Amino acid sequence: EAGVAQSPRYKIIEKRQSVAFWCNPISGHATLYWYQQILGQGPKLLIQFQNNGVVDDSQLPKDRFSAERLKGVDSTLKIQPAKLEDSAVYLCASSFGIGGYNEQFFGPGTRLTVL
Amino acid sequence: KNEVEQSPQNLTAQEEEFITINCSYSVGISALHWLQQHPGGGIVSLFMLSSGKKKHGRLIATINIQEKHSSLHITASHPRDSAVYICAVRPENYGGATNKLIFGTGTLLAVQP
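Residues numbered from 1 in each chain as written. Chains lettered and ligands numbered in written order. Predicted model: local features only at pLDDT ≥ 70, side-chain atom pairs only at ≥ 80, totals over all residues. Heavy atoms only, no water.

**Q** Looking at this model, I keep getting lost on the interface of chain A and chain B. Mind explaining?
**A** Often the size quoted for an interface is simply the accessible area lost on bringing the parts together. Every contact between the two is made by 29 residues of chain A and, on the other side, 22 residues of chain B. Summing both sides of the interface, chain A and chain B together bury roughly 1800 Å²; the carbon and sulfur share of this comes to 51%. Counting across the chain A and chain B interface gives zero salt bridges. Counting across the interface, chain A meets chain B through one residue pair in polar contact (both at pLDDT 80 or more). Residue assignment for the side of chain A that touches chain B shows that the elements contributing at least two residues are strand S4 (31–37), strand S5 (44–50), strand S6 (53–56) and strand S9 (88–95) of chain A. Per-class residue counts for the side of chain A that touches chain B are eleven nonpolar, 14 polar and four charged. (Contact = heavy atoms within 4.5 Å. Buried area = accessible area lost by both parts, 1.4 Å probe. Salt bridge = Lys/Arg side-chain N within 4 Å of Asp/Glu carboxyl O. Polar contact = N/O pair within 3.5 Å; in protein donor to acceptor, adjacent residues only side chain to side chain. Helix = DSSP H or I, 4+ residues; strand = E, 2+ residues; numbered from the N terminus. Nonpolar A, V, L, I, M, F, W, Y, C, P; charged D, E, K, R; others polar.)

**Q** Can you walk me through unusual backbone geometry in this structure?
**A** Going from Ser7(A) to Pro8(A), the amide bond is cis rather than trans, its omega being -10 degrees. Tracing the backbone through its elements, the reader meets Pro8(A) in the loop between strand S1 (5–7) and strand S2 (10–13). In this structure, the amide linkage connecting Ser7(B) to the following residue, Pro8(B), adopts the cis form with an omega of -10 degrees. Residue placement: Pro8(B) occurs in the loop between strand S1 (4–7) and strand S2 (10–14). Of note in this structure, Asn51(A) is not a glycine but carries a positive phi near 55 degrees. Residue placement: Asn51(A) occurs in the loop between S5 and S6.

**Q** Help me out: how do you make sense of the packing of aromatic side chains in this one?
**A** Two measures describe an aromatic ring pair: the distance that separates the ring centres and the angle between the ring planes. Using the criterion set out here, one finds six aromatic pairs over all chains in the structure. An angle of 85 degrees between the planes, with centres 5.3 Å apart, marks the rings of Tyr35(A) and Phe103(B) as edge-to-face. Within this pair, whereas Tyr35(A) is found in strand S4, its partner Phe103(B) is found in strand S10 (residues 102–103), the two belonging to separate chains. In this pair, the class of Tyr35(A) matches that of Phe103(B), namely buried. Measuring from ring centre to ring centre gives 6.4 Å for Phe106(A) and Phe103(B), while their planes differ by 80 degrees; the resulting arrangement is edge-to-face. One end of the pair, Phe106(A), is in strand S10 (residues 105–106); the other, Phe103(B), is in strand S10, on a second chain. (Phe/Tyr/Trp six-rings, centres within 6.5 Å; stacked < 30°, edge-to-face > 60°. Buried < 20%, exposed > 50% of the residue type's maximum accessible area, 1.4 Å probe, protein only.)

**Q** I would appreciate a short explanation of the pairing of strand S8 (residues 75–79) of chain A in the present structure.
**A** On a regular strand, one side chain projects to one face of the sheet and the next to the other, so that they alternate. Residue and element names in this part refer to chain A. Taking every second residue as pointing to the same face, the buried face of S8 carries Ser75, Leu77 and Ile79, while none of Thr76 and Lys78 on the other face is buried. Where strand S3 (residues 19–24) and S8 come together, five bridges link them in antiparallel fashion. Looking at the pairing, Phe21 lines up with Leu77 of S8. Bridge analysis of strand S7 (residues 65–68) against S8 gives four bridges, and the strand direction is antiparallel. Within S8, the residue paired with Glu68 across the bridge is Thr76. (Pairing = 2+ DSSP bridges.)

**Q** What is the right way to read the sheet that holds strand S6 (residues 52–56) of chain B from this model?
**A** Strands belonging to one sheet form pairs held by backbone hydrogen bonds; the direction of such a pair is parallel or antiparallel. Residue and element names in this part refer to chain B. Strand order in the open sheet formed by five strands is S1-S3-S8-S7-S6, and the pairing between neighbours is antiparallel. Since the sheet does not close on itself, it has two edges, and those belong to S1 and S6, each with one partner. Pairs of neighbouring strands in the sheet enclose a mean axial angle of 15 degrees, with direction left out of account. As defined by bridge partners, S1 adjoins strand S3 (residues 19–25) across four bridges and the pair is classed as antiparallel. Residue Ser7 lies in a different strand from S3, and its bridge partner there is Asn22. (Axes fitted to C-alpha atoms, helices over the stretch in contact; angles between N-to-C directions.)

**Q** What should I look at first to understand the sheet that holds S3(A) in this one?
**A** Residues and elements named next belong to chain A. Within the open sheet, the four strands sit side by side as S1-S3-S8-S7. Their pairing is antiparallel. Across the chains shown, the open sheet's two edge strands, defined by having one partner strand only, are S1 and S7. On average, each strand axis in the sheet is tilted by 15 degrees relative to the strand beside it, whichever way the strands run.

Below you can see the structure in the form of structure tokens.
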């Protein structure tokens, strides 16, 4: 079974530039998560989708971050414009459902460096 | 204070040593996860627990719901076990709507040959 795919794996940009990350979840997984993991910290949930609807985006900095999952399958996360403090690993995860015992499967992450 | 605390933050061990990583949490939970993250890599789920003990190969995870504490043990450690081990909990008061996880900051383990 193919895992969660993410691209690119690494990205270096200058501050105030824009960047987009892509995620393709495991086939059949209805729930998709984007996390931000700053060096030395645990992942922080940015946004959660159930199919193509947003379930939780309470920690998404909406002035510069946006995410979509138009067809309920793959998803993109965009940062516009980027700031130095956005340097982090951006993890995508998916799960079959959203109940308490639905295991989340993580992708390899995209490491973003903002100069 | 974080809702999920791990100790130690860093751990260096010799090959074959028995390793214990601890996780304490301050909220009621419906599930606790132990995750492994290799440098530059994604996160792999090791265990999901709601009670008792689970074992997979050389890894053992235990949880004490009353004490709000979980431990991850590695027997006969090997250099390939070197990674960050992360504890994450699903708070019980979130119901079924979000499956939200609260993560600890991780324990960086280095096993030397």
